[in-house]
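Descriptive analysis of the structure
Here's the letter readout for the chains.
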Amino acid sequence: MAAAAAAAHSLLHPPAARKGPAPSPPSPSPFLRLPAARPRLTHLHRLRSASPAAASDLTAFPTPSGNLAPIDVDAATEAELRENGFRSTRRTKLVCTVGPATSSPEQLEALAVGGMNVARVNMCHGDREWHRGVIRAVRRLNEEKGFAVAVMMDTEGSEIHMGDLGGTSSAKAEDGEVWTFSVRAFDLPLPERTINVNYDGFAEDVRVGDELLVDGGMARFEVIEKLGPDVKCRCTDPGLLLPRANLTFWRDGSIVRERNAMLPTISSKDWLDIDFGIAEGVDFIAVSFVKSAEVIKHLKSYIAARSRGSDISVLAKIESIDSLKNLEEIIRASDGAMVARGDMGAQVPLEQVPSIQQKVVQLCRQLNKPVIVASQLLESMIEYPTPTRAEVADVSEAVRQRADALMLSGESAMGRYPEKALSVLRSVSLRIEKWWREEKCHEALELQGVSSSFSDKISEEICNSAAKMANGLGADAVFVFTKTGHMASLLSRCRPDCPVFAFTTSTSVRRRLNLQWGLIPFRLSFSDDMESNLNRTFSLLKARGMIQSGDLVIALSDMLQSIQVMNVP
Ligand SMILES: Nc1ncnc2c1ncn2[C@@H]1O[C@H](COP(=O)(O)OP(=O)(O)O)[C@@H](O)[C@H]1O
Ligand SMILES: C=C(OP(=O)(O)O)C(=O)O
Ligand SMILES: [K+]
Ligand SMILES: [Mg+2]
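Model, not experiment: these values are computed from the prediction. (Residues numbered from 1 in each chain as written. Chains lettered and ligands numbered in written order. Predicted model: local features only at pLDDT ≥ 70, side-chain atom pairs only at ≥ 80, totals over all residues. Heavy atoms only, no water.)

Scanning all chains against the criterion turns up 34 salt bridges. Across the pair Asp273 and Arg128 runs a salt bridge, and its minimum N-O distance is 2.9 Å. Of this pair, Asp273 sits in helix α7 (residues 268-280) while Arg128 sits in helix α5 (residues 128-145), placing them 145 residues apart in sequence. Residue classification places Asp273 among the buried residues on the basis of a relative accessible area of 1%. Residue classification places Arg128 among the partly exposed positions, given a relative accessible area of 31%. Here Arg220 and Asp237 are joined by a salt bridge, their closest N and O atoms 3.1 Å apart. With Arg220 in strand β10 (residues 219-227) and Asp237 in strand β11 (residues 230-237), this pair connects stretches of sequence that are 17 residues apart. One salt-bridge network, in which partners are shared between bridges, spans Arg128, Glu156, Asp164, Arg244, Lys269 and Asp273. (Salt bridge = Lys/Arg side-chain N within 4 Å of Asp/Glu carboxyl O. Helix = DSSP H or I, 4+ residues; strand = E, 2+ residues; numbered from the N terminus. Buried < 20%, exposed > 50% of the residue type's maximum accessible area, 1.4 Å probe, protein only.)

For ligand 2, the full set of nearby residues is Arg120, Asn122, Lys317, Glu319, Met338, Ala340, Arg341, Gly342, Asp343, Ser375 and Met407. In this structure, Asn122 approaches ligand 2 through a side-chain N or O atom, which is 3.5 Å from an oxygen atom. One of the side-chain nitrogen or oxygen atoms of Glu319 is found 3.0 Å away from an oxygen atom of ligand 2. Summarising the interface, the protein chains cover 87% of the accessible area of ligand 2, which totals 290 Å² for the free molecule. Put simply, the parts of the chain that give the shell around ligand 2 at least two residues each are β4 (118-122), β17 (336-340) and α11 (341-347). Top contributing element to the shell around ligand 2 by residue count: α11, with 3 residues. Class assignment of the residues belonging to the shell around ligand 2 gives a composition of 3 nonpolar, 3 polar and 5 charged. (Near = heavy atom within 4 Å. Polar contact = N/O pair within 3.5 Å; in protein donor to acceptor, adjacent residues only side chain to side chain. Areas by Shrake-Rupley, 256 points an atom, 1.4 Å probe, with all protein chains shown as cover. Nonpolar A, V, L, I, M, F, W, Y, C, P; charged D, E, K, R; others polar.)

The environment of ligand 1 is formed by Thr97, Val98, Pro100, Arg120, Asn122, His125, Gly126, Trp130, Ser409, Gly410, Ala413 and Met414. Contact between ligand 1 and His125: an oxygen atom at 2.7 Å from a side-chain N or O atom of the residue. When ligand 1 is considered free in solution it has 520 Å² of accessible area, and contact with the protein chains removes 77% of it. Mapped by element, the contributors of at least two residues to the shell around ligand 1 are β4 and α14 (410-413). Of the residues belonging to the shell around ligand 1, the class tally is 5 nonpolar, 6 polar and 1 charged.

It is worth spelling out the coordination of the potassium ion (ligand 3) at this point. Summarising the metal site, the potassium ion (ligand 3) is bound by the protein donors Asn122 (OD1), Asp154 (OD) and Thr155 (O), whose distances to it range over 2.7 to 2.9 Å. Between consecutive donor residues of the potassium ion (ligand 3), the sequence gaps follow N-x31-D-T. Metal-to-metal, the separation of the potassium ion (ligand 3) and the magnesium ion (ligand 4) is 5.4 Å. With Asn122 in strand β4 and Asp154 in strand β5 (residues 150-154), the pair connects residues that are 32 residues apart, well separated along the chain. Summarising the burial analysis for this pair, Asn122 and Asp154 share the class buried. (Donors = N, O, S within 2.8 Å, 3.2 Å for Na, K, Ca; no water.)

The next point concerns the coordination of the magnesium ion (ligand 4). The protein atoms that coordinate the magnesium ion (ligand 4) are Glu319 (OE) and Asp343 (OD), at distances spanning 1.9 to 2.1 Å. On the basis of relative accessibility, which here comes to 2%, the residue Glu319 falls in the buried class. Residue Asp343 is classed as buried on the basis of its relative accessible area, which comes to 15%.

Before going further, it helps to examine helix α4 (residues 105-113). Residue pairs three or four apart in sequence face the same way in an α-helix, which turns once every 3.6 residues. Those residues of α4 that sit buried are Leu108, Leu111 and Ala112. Here the buried residues of α4 occupy an arc of 100° about the axis, which is enough to place them on one side. Facing away from the buried side of α4, by more than 90 degrees, are the exposed residues Glu106 and Val113. In the stretch just after α4, Gly115 is the one whose phi turns positive, near 110°. (Arc of directions from axis to C-beta.)

Next up on the list: the pairing of strand β15 (residues 284-287). Side chains of β15 alternate between two faces, with Phe284 and Ala286 and Ile285 and Val287 buried alike. Pairing analysis gives 3 bridges linking β5 to β15, with the strands arranged parallel. Pairing of Met152 across the sheet is with Phe284, part of β15. Examined bridge by bridge, β15 and strand β16 (residues 313-318) share 4 bridges and lie parallel to one another. Across the sheet, residue Phe284 finds its bridge partner in β16, namely Ser313. (Pairing = 2+ DSSP bridges.)

The subject of this paragraph is the domain arrangement of the chain. Taken domain by domain, the chain consists of domain 1 (25-88 + 446-567), domain 2 (93-158 + 265-439) and domain 3 (165-262). Contacts between the two partners involve 29 residues from domain 1 and, on the opposite side, 30 residues from domain 2. For the pair domain 1 and domain 2, the summed buried surface comes to about 2500 Å²; carbon and sulfur atoms form 48% of the total. On the domain 1 side of the interface with domain 2, the three residues burying the most area are Arg495, Arg512 and Leu515, jointly 31% of the side's total. (Domains from an automatic or database assignment. Contact = heavy atoms within 4.5 Å. Buried area = accessible area lost by both parts, 1.4 Å probe.)

Taken in spatial order, the 7 strands line up as β8-β7-β11-β10-β9-β13-β14 in an open sheet, and their pairing is mixed. Because the sheet does not close on itself, it has two edges, and the strands there are β8 (194-196) and β14 (254-255). Examined bridge by bridge, strand β7 (residues 178-182) and β11 share 5 bridges and lie antiparallel to one another. The residue bridging Trp179 from the neighbouring strand is Cys233, located in β11.

Among the secondary structure elements, Glu391 is positioned in helix α13 (residues 389-400). Buried charge without a partner: Glu391 forms no salt bridge, and the closest opposite charge is Arg389, 8.5 Å away. Residues within four places of Glu391 in sequence aside, it is in contact with Leu377, Leu378, Glu379 and Ser380. (Lys, Arg positive; Asp, Glu negative; His and termini not counted.)

This brings us to the packing of aromatic side chains. This model, assessed by the stated rule, comprises 12 aromatic pairs. Taking 5.1 Å as the distance between ring centres and 75° as the angle between the ring planes, the aromatic pair formed by Phe181 and Phe221 counts as edge-to-face. Of this pair, Phe181 sits in strand β7 while Phe221 sits in strand β10, and the two are 40 residues apart along the sequence. An identical accessibility class is assigned to Phe181 and Phe221; each is buried. Pairing Trp435 with Trp436 gives two aromatic rings, centres 5.4 Å apart and planes at 70°, and the pair type is edge-to-face. Look at Trp435 and you get partly exposed, because its relative accessible area is 41%. Residue Trp436 is classed as buried on the basis of its relative accessible area of 13%. (Phe/Tyr/Trp six-rings, centres within 6.5 Å; stacked < 30°, edge-to-face > 60°.)

What follows is the structure in structure tokens.
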């Protein structure tokens, strides 16, 4: 037990390895500038010649005084860079579901300090006032403390689920007990051993003999009798019933999809929630139970018409058999995806979930869409302060697959140890990333072209080359100045060995980039003049101790299509 405790301790408290003296740069030239990629002549007007500048131009640039306001970076990133250096920054992003355990401003700040990149609110639970409070608290935190925590709203969708258990937080179903699942509206308190079901067709669709699975198998019942709106079921696998738990029913070993298969992906309640999300300025909307690309396209055009310029990214949750049938089309239409293993595991045999996860993660990377691996990563930490070995292995596998992000659900929403769970994700990510970088174990993924225009193609080739150069030269960081964030995501897609500092003029682009692997997003106003942008950025970052003279940096921008290699003066 003592050994276990010690192991858990080291997992939760990794030693902070201070950055040593700046490594001597492998490049002999302190200011080597490469020519711009050469496009066809017809596209030359897009390029501006990179005038060769002497190193002295940079050293002559005045160092800043105490004025640090022009760049937005949060204290957690700053401390991490200062203490651990570029190479050791975490590349895998972390999403936390906010619930009753984490909704106060103090609790949210603790999560942000602990590495939360995205706060998720799940519209299945809580009411709009509650969600509004959380979204606004996150916004305040960003404004007051310089964080760039993005907000993700997750729709309820038209799944079948249980009601609220009449206010109790959980109920235990024991072997052999008879429970009533009913579509009736009851007055509170609910009669004993009674569960509300949200789907009106439930009592008609089920048959005596069907199996009823709560949360994909947390508890299991057999339908023994139908009495109008009430369905009597005997518990055959005891387990815990949680409010609004998902329900599936099975007949002859297959999931039953009768009229429920015809339910809309976005329900009328979801549309109201989406209007709410647009009004509150959320950064991501994750759509539950996506079946086709059409629903994503529909939502994207709705958002474009409604949100007047503010960009909201639409993420497809891959969690049903239908989503697997149209996987590539759905991901192409979306701005990103989530491997939602909770419901997925209730629809396909559990042993198929790992290969589905790997397939979705790889496809998203090919198509340049960020991907989140979600559900039960550290499930036991809802109750216990340390994870199981199996959970750590599961997290490691998602990190090794180089998913953009990992997500906490119940662990952070209503668990006893939300901050500890986050710190486990953080330390496991750091450790596994370092191990795989050092061992150079990653199989090179042959990236296919993703660009739809020639000018995009130039950006893509520049990013591919810059990432390769960064690896070959052992660069400390890639700097990218990007207005829309597109160049930054193309770099992230290459999964370079060093982190990517993404400078963008917009706070909302900065927040959205926070979901993507390996990007450290900063908000900075900059001009079209790369020379002065770089000088200014170096000065600002040096003044804050985030970079040092001699650091080897590769710089790109989406205004000037070139690759520059230089040492920080
Ligand atoms: N806004 C909220 N209010 C109350 N409880 C919540 C809220 N968000 C999440 N939870 C709790 O956290 C659990 C895990 O969250 P999540 O995985 O997002 O939902 P679900 O279990 O419905 O898929 C939920 O089952 C619920 O008990
Ligand atoms: C993330 C998931 O969706 P939700 O928590 O909304 O059911 C899931 O099913 O894994
Ligand atoms: K949901
Ligand atoms: Mg789900």
